[in-house]
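Structural overview
Each chain, letter by letter, is given below.
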Amino acid sequence: MAELGSKGVTAGKIASNVQKKLTRAQEKVLQKLGKADETKDEQFEQCVQNFNKQLSEGTRLQKDLRTYLASVKAMHEASKKLTECLQEVYEPDWPGRDDTNKIAENNDLLWTDFHQKLVDQALLTMDTYLGQFPDIKSRIAKRGRKLVDYDSARHHFEALQTAKKKDETKIAKAEEELVKAQKVFEEMNVDLQEELPSLWNSRVGFYVNTFQSIAGLEENFHKEMSKLNQNLHDVLLGLDKQYSGNAFPIKAQPSDSTPAKANKSPSPPPDGSPITSPETKTVNHELEPSTLEAPGASIPKSPSQPAEAAHAGAEAAGSEAAAGAEASKTEADSGSTSLPAVVVETFPATVNGTVEGGASSERADMPPGFLFKVQAMHDYTATDSDELQLKAGDVVLVIPFENPEEQLDVGATAMNSRLSKLQRDEGWLMGVKESDWIQHKELDQCRGVFPENFTERVQ
């Protein structure tokens, strides 16, 4: 019987809840259709908007704080691995071995303490702050349902009062239900009207305390970490002084804003014209040197091509040039004296589209074939013996490349082959530093190649 009674109460409660839901749904439909008025409280609605905004901001702050703590943890692990690497490479007989171990231990403890204090003073406080929102949110939703019940009871009571046939018993019961619904609603409404503004105003103090705690912890952490880094610097400085003779040379490399040398192929001049040396062209009956070159005699531009191909091409070019010269001489000897004399005209060299002065630029104090001067705008570290080592401000006297046909003879070395390649590559110049030329006057020992885009023409 107790079970039946219990089941009967449960069934009645379920039926009552279902009836309430149906009544609320009917009331909302009537309100949306405009057939029933709705009780509104604009001040409370503003409080609810502030509550939702405050909840959203707090949830985002909690998420970002967790991300920050994860980053601190990751940085701790990275720093720990770096110090462990230093301990492994630091040999036992080096001075300061014990100091480095102590610094590594303090470094690990400092990171651990920083992370734990962030959790205690920031994350846990944030969790406590957000922990009050779910209960208030459920009470706001319940207050909305009680408001619908109040409106429904009010409309039902008004309908009974305006009915043509009044039933006093139903009216009294409806009035009793209205008073009960109004009381429940007002109790919840008053509590929320007091709590929501207070909660909204508390966000300022919470934000201040949270970020002040984070800033203070960061300040102390970086201060202590700076001391450890200074101690490590002093230890390494002592090690460097003891082994000063074994210093590791660091070559300065051009920055991203300076021209870079990539695979021995610097960028060509802006106008695309390669650097040329003064050339002599023969008119009338003499052929130009370019027509004497056979297709197979071109110098390979890629180092991957065999050097033998370069020597063979050079020999073929030399043979054909000699044959052409002998044919020209025979023709001149066998021809009549009425033929016009051969006229040789010298054309000025062109560098980057600029016409050079030719013979007028060859002065007595300049190296043979002097073209013009350039000044190094950036440091350049030579990587081969045939290159010039440049410092910013060095003045270089530019001279023509040697004739490849004179270089690539039978006994030519690999260095001559490389110089011939460089002559064909755009963006490289041959020259001698002005200081070396004034001091030694030795062209063969002082000249070398250098990238044009590291320099600027001055004369």
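Think of each chain on its own: its residues are numbered from 1, step by step along the sequence as written. Only residues with pLDDT of at least 70 get local features here, since the model is predicted, and only at 80 or more are side-chain atom pairs given and counted; chain-wide, interface and lining totals rely on the full set of residues. Side-chain numbers here rest on the full set of heavy atoms in the structure, without hydrogens or water.

**With respect to the overall build of the chain**
When you go through the chain residue by residue, the secondary structure sums to 11 helices and 9 strands. Looking at the 459 residues of the chain, the share that counts as buried comes to 31%. The Shrake-Rupley method, run with a 1.4 Å probe sphere, supplies the accessible areas, and residue values consider only the shown protein chains as cover. For the chain, the computed accessible surface area is about 29,100 Å², with 54% contributed by carbon and sulfur atoms. A run of H or I in DSSP becomes a helix once it reaches four residues, and a run of E becomes a strand once it reaches two; helices and strands are each numbered from the N terminus. In this scheme, a residue with accessible area under 20% of its type's maximum is buried, one over 50% is exposed, and one in between is partly exposed, where area comes from a 1.4 Å probe on protein chains only.

**Observations concerning helix α2 (residues 42-89)**
Each α-helix turn comprises 3.6 residues. Residues three or four places apart therefore point the same way. With 48 residues, α2 extends 71 Å from end C-alpha to end C-alpha; this agrees with the ideal 70 Å at 1.5 Å per step. Within 3.5 Å is the distance limit for a polar contact, defined as a pair of N or O atoms, with the added protein rule that one can donate a hydrogen and the other accept it, and that residues adjacent in sequence qualify only through two side-chain atoms. Its side-chain oxygen placed 3.3 Å from the backbone nitrogen of Gln43, Asp41 serves as the N-cap of α2. What a helix should span is 1.5 Å times the count of its residues minus one.

**Observations regarding a nonpolar patch on the surface**
Together, Ile14, Val18 and Leu22 make up a nonpolar patch on the protein surface, roughly 280 Å² of accessible area in all. Within the secondary structure layout, Ile14 lies in helix α1 (residues 2-33). Like charges within 9 Å and nonpolar side chains (Val, Leu, Ile, Met, Phe, Trp, Tyr) within 5 Å are joined into patches, using only residues over 30% in relative accessible area that form no salt bridge. Any Lys or Arg side-chain nitrogen found within 4 Å of a carboxyl oxygen on Asp or Glu counts as a salt bridge.

**Remarks on the pairing of strand β7 (residues 428-433)**
For β7, the buried fraction is high: 6 of the 6 residues fall into the buried class. Burial along β7 is two-sided: the residues Trp428, Met430 and Val432 and Leu429, Gly431 and Lys433 are all buried. Strand pairing follows a simple DSSP-based rule, namely that at least 2 bridges must link the two strands. Inspection of the sheet shows strand β6 (residues 395-399) paired to β7 by 4 bridges, in the antiparallel sense. In the sheet register, Val396 faces β7, and the bridge partner there is Lys433. Bridge count for β7 against strand β8 (residues 448-451) is 4 bridges, and the pairing is antiparallel.

**Considering a negative patch on the surface**
Residues scored as charged are limited to Lys and Arg (positive) and Asp and Glu (negative), so that His and the chain ends carry no count. Charge coordinates come from a single atom per side chain, which is NZ of Lys, CZ of Arg, CG of Asp or CD of Glu. On the surface, a cluster of negative charge is contributed by Glu186, Glu187, Asp191 and Glu194. Tracing the sequence through the fold places Glu186 in helix α5 (residues 168-242). For Glu186, a relative accessible area of 40% puts it in the partly exposed group.

**Observations regarding the packing of aromatic side chains**
Two aromatic rings from Phe, Tyr or Trp, using only the six-membered ring of Trp, form a pair when their centres are within 6.5 Å; if the ring planes differ by under 30 degrees the pair is stacked, by over 60 it is edge-to-face, and anything between is tilted. In the structure shown here, the tally under the stated rule is 10 aromatic pairs. Here Tyr380 and Phe454 contribute two aromatic rings whose centre-to-centre distance is 5.4 Å and whose plane-to-plane angle is 70 degrees, an arrangement assigned as edge-to-face. Residue Tyr380 is located in the loop between β5 (372-376) and β6, and its partner Phe454 is located in the loop between β8 and β9 (455-457); the two are separated by 74 residues in the primary sequence. By relative accessible area, which is 3% here, Tyr380 ends up buried. The class for Phe454 is buried, based on a relative accessible area of 2%. Connected via pairs of aromatic rings, a cluster forms that spans Phe51, Tyr129, Phe133, Phe206 and Tyr207. Geometrically, a charge over a ring is one whose NZ (Lys) or CZ (Arg) sits within 6 Å of the ring centre while staying within 35 degrees of the ring normal. Just above the ring of Trp200 sits the side chain of Arg203; from NZ or CZ to the centre is 3.7 Å.

**Remarks on the sheet that holds β7**
The sheet built from 5 strands is open, its strands ordered β8-β7-β6-β5-β9 with antiparallel pairing. For this open sheet the edge positions go to β8 and β9, each flanked by a neighbour on one side alone. The mean inter-strand angle of the sheet, taken between neighbouring strand axes irrespective of direction, is 50 degrees. Fitted lines through C-alpha atoms serve as axes, helices being fitted only where they are in contact, and the angles separating the N-to-C directions of these axes extend from 0 to 180 degrees.

**Some details on the environment of Leu147**
Within the secondary structure, Leu147 sits in helix α4 (residues 133-162). Residue contacts follow a heavy-atom distance rule, with two residues in contact if any of their heavy atoms lie within 4.5 Å. Setting aside anything within four residues of it in sequence, one finds Leu147 in contact with Thr39 and Phe185.

**What to know about the nonpolar core**
Working definition of a nonpolar core: buried Ala, Val, Leu, Ile, Met, Phe, Trp, Tyr and Cys residues. They are joined through side-chain atoms within 4.5 Å. Core analysis: the largest hydrophobic core is formed by 35 residues, its most contacted members being Phe51, Leu118, Met126, Phe133, Ile136, Ile140 and Leu196. Secondary-structure elements contributing two or more residues to this core are α2, α3 (97-130), α4 and α5. Residues contacting Phe51, with those up to four places away along its chain left out, are Phe133, Ile136, Lys137, Ile140, Leu196 and Leu199. Among the nonpolar cores identified, the runner-up in size contains 24 residues, and Tyr380, Val396, Trp437 and Val449 belong to it.

**Side note on the confidence of the model for the chain**
Note: pLDDT gives the predictor's confidence per residue, expressed from 0 to 100. When pLDDT is averaged along the chain, the result is 74, and 65% of the positions lie at 70 or above. Of the regions scoring below 50 in pLDDT, residues 1-7 engages in 0 contacts with residues more than four places distant in sequence or in other chains. In the predicted structure, residues 267-362 sits below a pLDDT of 50 and forms 89 contacts with residues beyond four places in sequence or in another chain.

**Notes on the pattern of salt bridges**
As enumerated under the stated definition, the model contains 10 salt bridges in all. With a shortest N-O distance of 2.9 Å, Glu195 and Arg139 are connected by a salt bridge. In this pair, Glu195 sits in helix α5 while Arg139 sits in helix α4, placing the two residues 56 residues apart along the sequence. The exposure class of Glu195 is partly exposed, given its relative accessible area of 30%. Across the salt bridge formed by Asp151 and Arg154, the nearest N and O atoms sit 3.1 Å from each other. One end of the pair is Asp151 and the other is Arg154, both in helix α4 and 3 residues apart, which spans about a single turn. The two residues Asp151 and Arg154 agree in class, both being buried. Because the salt bridges share partners, they merge into one network encompassing Asp135, Arg139 and Glu195.

**Some thoughts on the packing of α2 against α5**
When two helices pack together, their arrangement is given by the angle between the helix axes and by the axis-to-axis distance. Between α2 and α5, the least distance of the axes is 10 Å, while the angle of their chain directions is 15 degrees. Relative to α5, the element α2 is oriented roughly parallel. The handedness of the crossing between α2 and α5 is left-handed. Across the contact of α2 with α5, the residue classes break down as 18 nonpolar, 7 polar and 4 charged. An angle counts as roughly parallel when it lies under 35 degrees, as roughly antiparallel when it exceeds 145, as roughly perpendicular when it falls between 65 and 115, and as oblique in every other case. Handedness of a helix crossing follows the sense of rotation of the near helix relative to the far helix, less than a right angle counterclockwise being left-handed and clockwise being right-handed. Throughout this entry, Asp, Glu, Lys and Arg are counted as charged residues, while Ala, Val, Leu, Ile, Met, Phe, Trp, Tyr, Cys and Pro are counted as nonpolar. The remaining residues, Gly among them, count as polar.

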